[in-house]
Amino acid sequence: MRRFIQAADTRAGGVLIIDGPPVSGKTLLLHEAVRLAREHGLPVVHVAATTGDLLGGSTDADAALVADHPLLLAVDHAHLDPAGVLALLPRLRDRPLSVLMAMNGTAAGPEVHRAVAALAEVVVVGPVDDTVVDGIAHRLLGATPHADLRALIAGAGGNPRLITELIEGLREEGQLEFRGGVAHVRGGWLPQRVAALVRDRVDVLSAKATQLLRVAAVVGRSFLLHDVATMMSETTASLLLAVDEVLQSGLLVPVHDRLEFPSDLVRRAVVESIPRSILHALRHDVAVLRPPFTVEPTAHAPLPGDAGSDVVQGVRTLAAGGRLGSAIALARETLAQRVSPTVAAELHCVLAGILLADGRPGDAVIETDHALTIPSLIGPLRGLASAGRLLSLYFATGSRVREHALSLLTIRDRDPSDADAVMAATVHSCLEWNAGNLAEGVYWGRESVKWQPTGPSAWWFSHTPVAYALKLAALGDFEDAEELVAGDGPDTDDAVTSGARAARLIARSRVLVQAGRLTEAHASARAGLAMAHDRGLRLLVPLASTVLGTVAIHRGEYEVAAEHVRRYRGDLAGGEAVLHSGQYDWVELLLAFAQGGPARAAELARERVADQNSLRRMLIEEPGAAPWLVRLALTVGDSRLATAVLVAADDLAANNPGYGSVSVSAAHARALVDRDVDALLVAAGRHRHPWAKGCANADLVALYGERGEDGETHLAVARRIFERMGAEAEVARLVARSGVVEDAGGAVGEWERLSEPEQDIAMLVGAGLTNRQVAKQLFLSPHTVNYHLRGIFRKLGINSRVELARMAHEQAPSRS
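Residues numbered from 1 in each chain as written. Predicted model: local features only at pLDDT ≥ 70, side-chain atom pairs only at ≥ 80, totals over all residues. Heavy atoms only, no water.

### Structural notes on helix α18 (residues 341-357)
Residues three or four positions apart in an α-helix share a direction because the helix packs 3.6 residues into each turn.
Alright, step 1. An ideal rise of 1.5 Å per residue puts 24 Å on 17 residues; α18 measures up with 24 Å between its terminal C-alpha atoms.
Alright, step 2. With respect to burial, α18 is a largely interior element, 14 of its 17 residues being buried. (Helix = DSSP H or I, 4+ residues; strand = E, 2+ residues; numbered from the N terminus. Expected span 1.5 Å × (residues − 1). Buried < 20%, exposed > 50% of the residue type's maximum accessible area, 1.4 Å probe, protein only.)

This is the structure we're talking about:
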């Protein structure tokens, strides 16, 4: 580019074409060239072509053609006026004029292509490699991108324009955080700049082309046109004009016999533009209604058998290194050629597991369908493909896979340890549990962990113990639940090597939250989340974010919690599947209350309670949810909300006799409405979940207060529970609700509120030691010291180390 500008400045003239698809950075490159020319003192005429105005309609362009001095004519969007381009090029001979054009050569047409090739130098703008991407990111950020941010940037597919808009959008929306020269992404949602960039391209498409694009986005990153036509009840021929239109927009590109989105970000932006209700229906159609696919032969030469095996290992190696996108691309490129049926079957199965880890169950179903149509796929590998298809269908469609799971469980004369039988038991257990049939859910969950599948396995089989552990934790069986997900366990998948371990870590963090062990839960969730991000396991990320959000809310770190909620809502919007959970709604409710008060929380609760499936899932997973919702409804005076929750809780308890978690939850909620102290005393004694038990005791304090009686005993019990949990915000809320006036003893009374470890830390910090020095002296981590220090400040009502030093000095005589 610099050489071209220098030549233009010496009357050498010439034509340079920047050719590339839409949103590829052509305009950015053109503007950079204009800037360089002006820095050299070269006069510039800069025009943007529109249909039919390049010559005759543009006074500036006409004037440039008659100039007798060196001049640069820069034309953007030249493809919009191909006739003008054809008329302009012959008039450039023997002129001191240099022309720089940015165009989409495909849209300009073959005649322009031929003319340009004869008279101009062409620079094709396309995806850049990883080294260039890193350079762009580092220049825009002024820092090294963290692995999380690097993975998000990789979704731009090497498109410089998309990378630029993504990073600038993240910066504008406050989604970037810089620590120690490293840029971290704080949110998980798509910046408006990226969404708008893609939306501008979609909005100019015809209705048919827009429909094709949206259906294609749900089908997958790469797809056969025939599959989309089937989904649209169209023939391939009837879609040709719409296909040409979308290809010219650059929103899809042809790759061999398939069409593809040029990047994950483009596809995600299209998916996010679809209303949620329509998106859910489309995903159901993709996963269930579409007929099985056949493996179509291609004109490519067959790969040698040993080469096919090498490719399978190469796909596994790429996935094991966290490069899921590269693994998927290699697998699909290989499958587009003629490989042996054995290699094809294995490759389809490996690819399905990778796609599921990437949060794309619809695509995973397609790969297992491909595998199951291969006659040579027999024995354990066929069972594995069938199991993977069932789990992928469950994640994609939920309850619509019920009949299929049940049919696999009722086949006679089969080994219960077959992979598809184990997965059928797991899926059936989850469906029954979510439907409110706890006994069936527990029975099939218990059976599923008894039946260890034989033969080949995959990372996603970790869902069997994980799903059962989460059920046990909801029932209050914390020890058994933790045992199911404790330790490293077997990792038999040599492609998604860390999938099972990450799933167990995240599930364990959820168990620990329900057991009231917040510090351990936080550590386990962070470890699982880091592993999931490092290995590209998008399926697991949202649930880990709910755990971190819950811990932050109980600690009073509401901005941190809000970040986690924004992140998992972004993940849910952008992905195709998640581990099904009521936590996504529940954590959002808790945060709405903490940040917006009862009125905002009640507004959101009415929306969530209106969805019976969502409400039932929350009540099953959180024994404290029904009382919390009723307490909220009573606070804002919404009897309809209170009644809706009570009816759902009572029905759940009545339909599940013998399950104490739901019966005590219903009894607790009913006692609040009836203001029944005796019933509430019983509920407080029966709760097995620490947070729910602490809330029940706090409710007793309030009821005794209404009677003018002393609730000091229950205040002490509730406070002890919340303090053991490390739930500082719950302690503060308890004190505020109880109306107890604390700190009457001045500094000494305040100091006594600190636990003994907190007092030790406070004395050392007050003496002038840094967090790292305190950590070394007390054999703790600096993070733990910092965590305790926040609690100390909150309990003492202070904001600085200076104030803490003063109070510590006052305590010194009493501790000597």
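Having seen the model, we can carry on.
### Re the side chain of His689
Alright, step 1. Residue position: His689 is located in the loop between α35 (677-686) and α36 (690-707).
Alright, step 2. A polar side-chain atom of His689 sits 3.2 Å from the main-chain carbonyl oxygen of Ala474.
Alright, step 3. Beyond its immediate sequence surroundings of up to four residues, His689 is in contact with Ala473, Ala474, Leu475, Gly476, Phe478, Gln514 and Pro623. (Polar contact = N/O pair within 3.5 Å; in protein donor to acceptor, adjacent residues only side chain to side chain. Contact = heavy atoms within 4.5 Å.)

### Brief notes about the environment of Glu723
Alright, step 1. Examined against the element boundaries, Glu723 turns out to sit in helix α37 (residues 712-725).
Alright, step 2. Using a relative accessible area of 35% as the deciding quantity, one classes Glu723 as partly exposed.
Alright, step 3. Taking the C-alpha atoms as reference, Glu723 lies 9.3 Å from Ser755; in sequence the two are 32 residues apart.
Alright, step 4. Those residues within four positions of Glu723 in sequence are excluded, and the remaining contacts are Val731 and Lys795.

### A look at the packing of helix α17 (residues 324-335) against α18
Alright, step 1. Taken N-terminus to C-terminus, the directions of α17 and α18 make an angle of 150 degrees; their axes are 10 Å apart at the nearest point. Here α17 lies roughly antiparallel to α18, going by the angle between them. Here α17 and α18 pass one another in a crossing that is left-handed. Facing α17, whose interface residues are Leu324, Ala327, Ile328, Ala331, Arg332, Thr334 and Leu335, α18 presents Ala344, Leu347, His348, Leu351, Ile354, Leu355 and Ala357. (Axes fitted to C-alpha atoms, helices over the stretch in contact; angles between N-to-C directions. Parallel < 35°, antiparallel > 145°, perpendicular 65-115°, else oblique. Left-handed = near helix turned anticlockwise from the far one by under 90°.)

### Details of unusual backbone geometry
Alright, step 1. At His77, a residue that is not glycine, the phi angle is positive and equals roughly 55 degrees.
Alright, step 2. Turning to its location among the elements, His77 is positioned in the loop between β3 (71-76) and α4 (82-88).
Alright, step 3. Despite not being glycine, Ser233 shows a phi value in the positive range, around 55 degrees.
Alright, step 4. Relative to the assigned elements, Ser233 resides in the loop between α12 (225-231) and α13 (240-249).
Alright, step 5. Judged by relative accessible area, which is 69%, Ser233 ranks as exposed.

### Observations concerning the pairing of strand β1 (residues 14-19)
Alright, step 1. Among the six residues that make up β1, five are buried, leaving the element largely enclosed by the rest of the structure.
Alright, step 2. Looking at chain direction, β1 and strand β5 (residues 121-124) are connected through four bridges and run parallel. Note on β5: the bridge partner recorded for Leu16 is Glu121. (Pairing = 2+ DSSP bridges.)

### Some remarks on the confidence of the model for the protein
Alright, step 1. Taken residue by residue, the protein gives an average pLDDT of 82. The fraction at 70 or more is 86%.
Alright, step 2. Of the regions scoring below 50 in pLDDT, residues 741-748 engages in nine contacts with residues more than four places distant in sequence or in other chains. (pLDDT = per-residue confidence, 0-100.)

### A short note on the nonpolar core
One broad rule of soluble globular proteins: the nonpolar side chains tend to lie buried together.
Alright, step 1. Membership of the largest hydrophobic core comes to 155 residues, with the highest contact counts inside it found for Ile354, Val427, Trp460, Leu540, Leu619, Trp628 and Phe722.
Alright, step 2. Core analysis: the next-biggest nonpolar cluster, separate from the first, contains 55 residues, Val133, Leu149, Ala156 and Leu282 among them. (Core = buried A, V, L, I, M, F, W, Y, C linked by side-chain atoms within 4.5 Å.)

### Some remarks on the sheet that holds strand β9 (residues 222-223)
Alright, step 1. With respect to topology, three strands assemble into an open sheet ordered β9-β11-β10, the strand pairing being antiparallel. The open sheet has two free edges, formed respectively by β9 and β10 (253-255), since each of these has just one partner strand.
Alright, step 2. In this structure, β9 lies alongside strand β11 (residues 258-260), joined through two bridges in antiparallel fashion. By the bridge assignment, Phe223 is partnered in β11 with Leu259.

### As for the packing of aromatic side chains
Alright, step 1. Counted according to the given criterion, the structure contains eight aromatic pairs.
Alright, step 2. Aromatic side chains Tyr443 and Trp444 sit 5.1 Å apart centroid to centroid with 85 degrees between the ring planes, which places their arrangement in the edge-to-face category.
Alright, step 3. Using a relative accessible area of 16% as the deciding quantity, one classes Trp444 as buried.
Alright, step 4. Judged by centre distance (5.3 Å) and plane angle (75 degrees), the rings of Trp586 and Trp628 are edge-to-face. Taken as a pair, Trp586 in helix α30 (residues 583-610) and Trp628 in helix α32 (residues 625-636) lie far apart in primary sequence, 42 residues in all. Judged on exposure class, the residue Trp586 and its partner Trp628 are both buried.
Alright, step 5. Three or more aromatic residues joined by ring pairs make a cluster, and in this case those are Trp586, Phe593, Trp628 and Trp691. (Phe/Tyr/Trp six-rings, centres within 6.5 Å; stacked < 30°, edge-to-face > 60°.)

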